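# Architecture and fold: a report
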Amino acid sequence: MTAPWRILALPPLDEDLVRGLFTRLGDSVEVLFPAARDRAGLLAALPQAEIVIGDFTGRLALDAEAVAAAPRLAFVQMPAVGTDSLDTAALAAAGVPAANTAGANARSVAEWAVGAAFALCRGLVWNDRAVRAGGWPQMEALARGPREIHTQRVGIVGYGAIGAETARLFAALGCPVSYWSRRRRENAVATYRDLDDLLARSDILVLALPLTDDTRGLVGPDRLALLPDRALLVNVARGGIAPDDAVLAALESGRLAGAALDVFDTEPPAEDHPLRAHENVLLSPHVAGATGQAQLNIVTRVRDNITAVVEGRPAASVVNGVDPQVKRR
């Protein structure tokens, strides 16, 4: 009898829930969990692991040291779109395919981006805070320059599943939409522009691309300075793409009239971080993709992809260039 595949689950989820995902596989799999959710617990559990479900919080990151500690590792599945908690190069060097759940939360994140843009355009959060504090600031609210969203030029940096869905929703509202990505897309609803040209023409800038060595700091102080005066920033990507300090400086200078941030350089940001107190910032704890439907989509993708691997079929959505036909070690 073939030994069961050993699946190491790293997300902070109920163990019975995770085991329940693979009930149909019966004795073909054994689901394991680290004894402690810390570095020592991770390194102690990895030598047994053949399949790893990554930690979407990033706390139990699979860096080069962790990959080296897993000699039997054959496949890594992230229960998320982002893979910045994985050393994909180290996994590729070890011949281990790593997959994400591309597109599973695209609608959820896109709706958050559009909703956040509405909130910034109309000052919804500022108005709410003022009224809750006992005020009735009608003239002050008007002086802050509320806008109708269809009048705003929208620029989207990144045109994967999330960027494309975000573009479609903004276009449906009547916004002129442009995008930049590493390659042009056929039949896009948005107009392609070079990155610097895109920023110069964007009243609302949406970041929707992965954090990699190439994109870290991509929209820093120099590029933020290209935006029109009083532009709005919506970041549903990763904090390191537009560093927190650069965003704060752009807000203080007035280049940015507001920012909606679902992501930060360090999560959570320090309790005394100035962004937490800035009245023109809408803050969110990295939950743009956290709708019930999106979570169901992600869980289904994780289950189906690992099932395919166990049953000898190729994995889907492999992101590190390794053969998706997983080979047991």
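Here the structure is shown first, and the text comes after it.
First things first, this report covers the structure right here in the doc. (Residues numbered from 1 in each chain as written. Predicted model: local features only at pLDDT ≥ 70, side-chain atom pairs only at ≥ 80, totals over all residues. Heavy atoms only, no water.)

### What about the packing of aromatic side chains?
So the rule is basically this: Two aromatic rings from Phe, Tyr or Trp, using only the six-membered ring of Trp, form a pair when their centres are within 6.5 Å; if the ring planes differ by under 30 degrees the pair is stacked, by over 60 it is edge-to-face, and anything between is tilted. Secondary structure elements follow DSSP: runs of H or I no shorter than four residues count as helices, runs of E no shorter than two count as strands, and numbering proceeds from the N terminus. Both a distance and an angle decide whether a charge sits over a ring: NZ of Lys or CZ of Arg must be within 6 Å of the ring centre and within 35 degrees of the ring normal.
Per the stated rule, a full pass over the model turns up two aromatic pairs. Measuring from ring centre to ring centre gives 5.4 Å for Tyr-179 and Tyr-192, while their planes differ by 75°; the resulting arrangement is edge-to-face. Here the residue Tyr-179 occupies a position in strand β7 (residues 177-180), and Tyr-192 occupies one in strand β8 (residues 191-192), the gap between them amounting to 13 residues. An aromatic cluster is built from Tyr-159, Tyr-179 and Tyr-192, whose rings are joined through pairwise contacts. Taking NZ or CZ as reference, Arg-328 lies 4.6 Å from the ring centre of Trp-5, over its face.

### A closer look at helix α5 (residues 106-122)
Stated formally: In this analysis, the expected span of each helix is defined as 1.5 Å times one less than the number of residues it contains. With a 1.4 Å probe rolled over the protein chains alone, any residue whose accessible area is under 20% of its type maximum counts as buried; one over 50% counts as exposed, and the rest are partly exposed.
An ideal rise of 1.5 Å per residue puts 24 Å on 17 residues; α5 measures up with 25 Å between its terminal C-alpha atoms. With 12 of 17 residues buried, α5 lies mostly within the body of the structure. By the burial criterion, the buried members of α5 are Ala-106, Ser-108, Val-109, Ala-110, Trp-112, Ala-113, Val-114, Ala-116, Ala-117, Ala-119, Leu-120 and Cys-121. The positive-phi residue at the C-terminal boundary of α5 is Gly-123, with phi of around 65°.

### Digging into the pairing of strand β10 (residues 231-235)
Under the convention used in this document: A pair of strands counts as paired when DSSP detects no fewer than two bridges linking them.
Buried residues dominate β10, accounting for five of its five residues. The sheet contact formed by strand β9 (residues 204-207) and β10 spans four bridges and is parallel. Following the sheet pairing, Leu-207 is matched in β10 by Asn-235. Here β10 pairs with strand β11 (residues 256-261) via five bridges, running parallel. Residue Ala-231 lies in a different strand from β11, and its bridge partner there is Leu-256.

### Remarks on the pattern of salt bridges
For clarity, the cut-off: Salt bridge, as applied in this entry: a Lys or Arg side-chain nitrogen positioned within 4 Å of an Asp or Glu carboxyl oxygen.
This model, assessed by the stated rule, comprises 23 salt bridges. For Glu-50, the salt bridge identified is with Arg-72, shortest N-O distance 3.7 Å. With Glu-50 in the loop between α2 (39-45) and β3 (51-53) and Arg-72 in the loop between α3 (64-68) and β4 (75-77), this residue pair connects regions lying 22 residues apart in the sequence. You can call Glu-50 buried: its relative accessible area is 1%. For Arg-72, a relative accessible area of 32% translates into the label partly exposed. Asp-203 serves as the salt-bridge partner of Arg-153, at 3.0 Å between the closest nitrogen and oxygen. Separated by 50 residues along the polypeptide, Arg-153 in the loop between α7 (138-143) and β6 (154-157) and Asp-203 in the loop between α9 (195-200) and β9 bring together distant segments of the chain. Using a relative accessible area of 14% as the deciding quantity, one classes Asp-203 as buried. Among the ionic contacts, a cluster of salt bridges with common partners joins Arg-107, Glu-111, Glu-165 and Arg-168.

### Topic: the sheet that holds strand β2 (residues 29-32)
For clarity, the threshold we go by: By the convention used here, residues are in contact when the closest approach between their heavy atoms is within 4.5 Å. Only the contacting stretch of a helix is used when fitting its axis, a line to C-alpha atoms as for every element, and angles between N-to-C directions run 0 to 180 degrees.
With respect to topology, five strands assemble into an open sheet ordered β2-β1-β3-β4-β5, the strand pairing being parallel. The open sheet is flanked by β2 and β5 (98-99), the only strands paired with a single partner. Looking at chain direction, strand β1 (residues 5-9) and β2 are connected through four bridges and run parallel. Looking at β2, one finds that Ile-7 is bridged to Val-31. Contacts from helix α13 (residues 292-310) reach β1, β2, β3, β4 and β5 within the one sheet, and its direction differs from that of β4 by about 170°.

### Some remarks on the layout of surface pockets
Applied cut-off: Both cavities and pockets are sets of points on a 1 Å grid over the protein atoms alone; in a cavity a 1.4 Å probe fits but cannot get out, in a pocket the set is open with protein on both sides within 12 Å along at least five of seven lines, and lining residues sit with an atom within 4 Å of a point. Grid points are joined across faces, edges and corners, and a volume is the space filled by probe spheres set on the points. Three categories are distinguished: nonpolar for Ala, Val, Leu, Ile, Met, Phe, Trp, Tyr, Cys and Pro, charged for Asp, Glu, Lys and Arg, and polar for the others, with Gly belonging to the last.
Its volume calculated, the second largest pocket comes out at about 320 Å³. As for the second largest pocket, its lining consists of 23 residues, of which Leu-120, Gly-123, Arg-144, Ala-257 and Asn-280 are closest to the centre. At the level of elements, α5, α6 (124-132), β11 and β12 (281-283) are the ones that each hand at least two residues to the lining of the second largest pocket. Looking at the lining of the second largest pocket, the element that brings in the most residues is α6, giving five residues. Looking at the lining of the second largest pocket, its residues break down into 12 nonpolar, five polar and six charged.

### A short note on the side chain of Thr-166
Topologically, Thr-166 is positioned in helix α8 (residues 161-172). In contact with Thr-166, other than residues within four places in its own chain, are Ala-110, Ala-113, Ile-156 and Val-206.

### A closer look at the packing of α5 against α8
Formally: Just so you know how the angles are binned, under 35 degrees is roughly parallel, over 145 roughly antiparallel, 65 to 115 roughly perpendicular, and the rest oblique. Put simply, a crossing is left-handed when the front helix is turned counterclockwise from the back one by less than a right angle, and right-handed when it is turned clockwise.
At a closest axis distance of 8 Å, the pairing of α5 and α8 adopts a crossing angle of 45°. Relative to α8, the element α5 is oriented oblique. Crossing angle aside, the handedness with which α5 passes α8 is right-handed. Along the contact surface, α5 presents Ala-106, Arg-107, Val-109, Ala-110, Glu-111, Ala-113, Val-114 and Ala-117, while α8 presents Ala-161, Ile-162, Glu-165, Thr-166, Arg-168, Leu-169 and Phe-170.

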